[in-house]
Amino acid sequence: MTVLEIKDIHKSFGDQEILKGVDIKVEKGDVIAILGPSGSGKTTFLRCINFLTETDSGQMVFDGKTYDMAKMNRKDIAAIRKKTGFVFQNYNLFRNQTALGNVTLGLTTVRRIKKKEAEEIGRSLLEKVGLSDKTDLYPSQLSGGQQQRVAIARALAANPEIIYFDEPTSALDPELIGEVLSVMKRLADAGMTMIVVTHEMDFARNVSNRTIFMENGVIVEEGPSKEFFENPKMERTKEFLRLEDSRGIVK
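Small disclaimer: the values here were computed from a predicted structure and weren't measured.

Caption draft 1: Broad picture of unusual backbone geometry. You will see that Asp8, though not glycine, has its phi angle at about 55°, which is positive. Its place among the elements puts Asp8 in strand 1 (residues 2-13). Even without glycine at this site, Glu167 takes up a positive phi of about 45°. Looking at the element boundaries, Glu167 is found in the loop between strand 7 (162-166) and helix 6 (174-189).

Now the structure itself:
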């Protein structure tokens with residue numbers, strides 16, 4: 001079943017065209033890794049499809065409805081966001097809320113769920129990401145990896161149809177990356193639909209079922225992850241993977 005389809009999305013900042021007609025189709029249970037050098041348009045693409053950045057043109061098909069992305073109204077954006085989750089690079093937690101508070105705030109304020117029920121949901125989700133003993137701690141009392149796991153629990157609180165991850169490990173110290181990737185792998189194994197902008201080649205190779213390589217605002221190559229890594233077709237993709245391999249990133 002198709003969860004999301006994006007057709008011919010374009011975005012410019014001033015005279016600089018960042019996205020030059022990107023298409024993507026996401027099936028239920030897909031874990032799609034988006035790779036590419038800095039400035040390739042990966043993050044802009046992710047922000048556009050969650051309406052954090054305005055789109056110049058493009059079409060979205062979500063939940064059986066077709067939207068003109070350049071003419072979205074607040075009601076439609078809110079309806080789509082209720083069914084999606086977003087995990088940022090830098091956690092974006094509320095500093096004055098505990099871990100539990102960060103997870104439950106959207107449930108009580110946006111979805112109008114009673115506090116007791118919201119806290120039950122929040123505790124269950126924090127347990128799911130391995131933080132059942134951190135519910136009452138504030139972000140300043142948590143490591144970067146723990147904060148990112150709180151952010152993942154917060155994204156899960158909406159019971160989303162799809163979660164977008166924008167380089168979720170890029171702000172972490174190397175020793176903390178594994179704990180976040182482990183949670184993401186468990187979500188993938190459980191069937192969560194995910195689009196992950198990442199530099200983690202091991203995750204792309206071993207966890208995602210599809211990999212996309214972007215550069216200069218277009219998709220250069222995409223395919224099943226196993227085939228993408230073992231037999232890339234485009235010379236630019238081969239060059240990119242060789243470079244990552246030389247850095248010791250591809251394993």
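Caption draft 2: Spotlight on the sheet that holds strand 9 (residues 210-215). Spatially, 6-7-8-3-9-10 is the arrangement adopted by the 6 strands of the open sheet, whose pairing is mixed. Edge positions in the sheet fall to strand 6 (84-87) and strand 10 (218-224), since each of these pairs with one other strand and no more. Strand after strand, the sheet turns through a mean of 15° between neighbouring axes, direction not considered. Where helix 5 (residues 144-157) meets the sheet, it contacts strand 6 and strand 7, and its direction lies at approximately 170° from that of strand 6. Contacts between helix 9 (residues 235-246) and the sheet are confined to strand 3 (31-35), strand 9 and strand 10, with strand 9 contributing the most and set at about 100° to the helix.

Caption draft 3: Region of interest: helix 4 (residues 115-128). Compared with an ideal rise of 1.5 Å per residue, which puts 14 residues at 20 Å, helix 4 spans 20 Å between its outermost C-alpha atoms and is within 8% of the ideal. Within helix 4, burial applies to Ala118, Gly122, Leu125 and Leu126. Along the long axis of helix 4, the arc covered by the buried residues comes to 100°, so they all point the same way. Exposed positions of helix 4 whose direction lies more than 90 degrees from the buried face are Lys116 and Glu127.

Caption draft 4: Here's a closer look at the nonpolar core. Core analysis: the biggest nonpolar cluster contains 38 residues, and Leu126, Val150, Ile152, Phe165, Met184, Met194 and Phe203 have the highest contact counts within it. Within the residue set of this core, elements represented by two or more residues are helix 3 (99-109), helix 4, helix 5, strand 7, helix 6 and strand 8 (194-197). With 8 residues, the top contributor of residues to this core is helix 6. Other than its neighbours up to four places away in sequence, Met194 contacts Asp30, Val31, Ile32, Ile162, Ile163, Phe165, Met184, Leu187, Ala188 and Phe203. Val3, Leu19, Phe45 and Ile49 belong to the second-largest nonpolar core, a separate cluster that totals 30 residues.

Caption draft 5: Region of the structure containing the pattern of salt bridges. Throughout the structure, instances matching the rule amount to 11 salt bridges. With its nearest N and O atoms 3.2 Å apart, the salt bridge here joins Arg210 to Asp30. Highlighted residues: Arg210 in strand 9 and Asp30 in the loop between strand 2 (16-27) and strand 3, separated in sequence by 180 residues. Each member of the pair, Arg210 as well as Asp30, is classed as buried. A salt bridge links Lys83 to Asp63; the shortest N-O distance between them is 2.5 Å. With Lys83 in the loop between helix 2 (74-81) and strand 6 and Asp63 in the loop between strand 4 (57-62) and strand 5 (65-68), this residue pair connects regions lying 20 residues apart in the sequence. The partly exposed category is assigned to Asp63, whose relative accessible area is 36%. The structure contains a network of salt bridges with shared partners spanning Asp30, Arg210 and Glu222.

Criteria and thresholds
- Residues numbered from 1 in each chain as written.
- Predicted model: local features only at pLDDT ≥ 70, side-chain atom pairs only at ≥ 80, totals over all residues.
- Heavy atoms only, no water.
- Helix = DSSP H or I, 4+ residues; strand = E, 2+ residues; numbered from the N terminus.
- Pairing = 2+ DSSP bridges.
- Axes fitted to C-alpha atoms, helices over the stretch in contact; angles between N-to-C directions.
- Contact = heavy atoms within 4.5 Å.
- Expected span 1.5 Å × (residues − 1).
- Buried < 20%, exposed > 50% of the residue type's maximum accessible area, 1.4 Å probe, protein only.
- Arc of directions from axis to C-beta.
- Core = buried A, V, L, I, M, F, W, Y, C linked by side-chain atoms within 4.5 Å.
- Salt bridge = Lys/Arg side-chain N within 4 Å of Asp/Glu carboxyl O.

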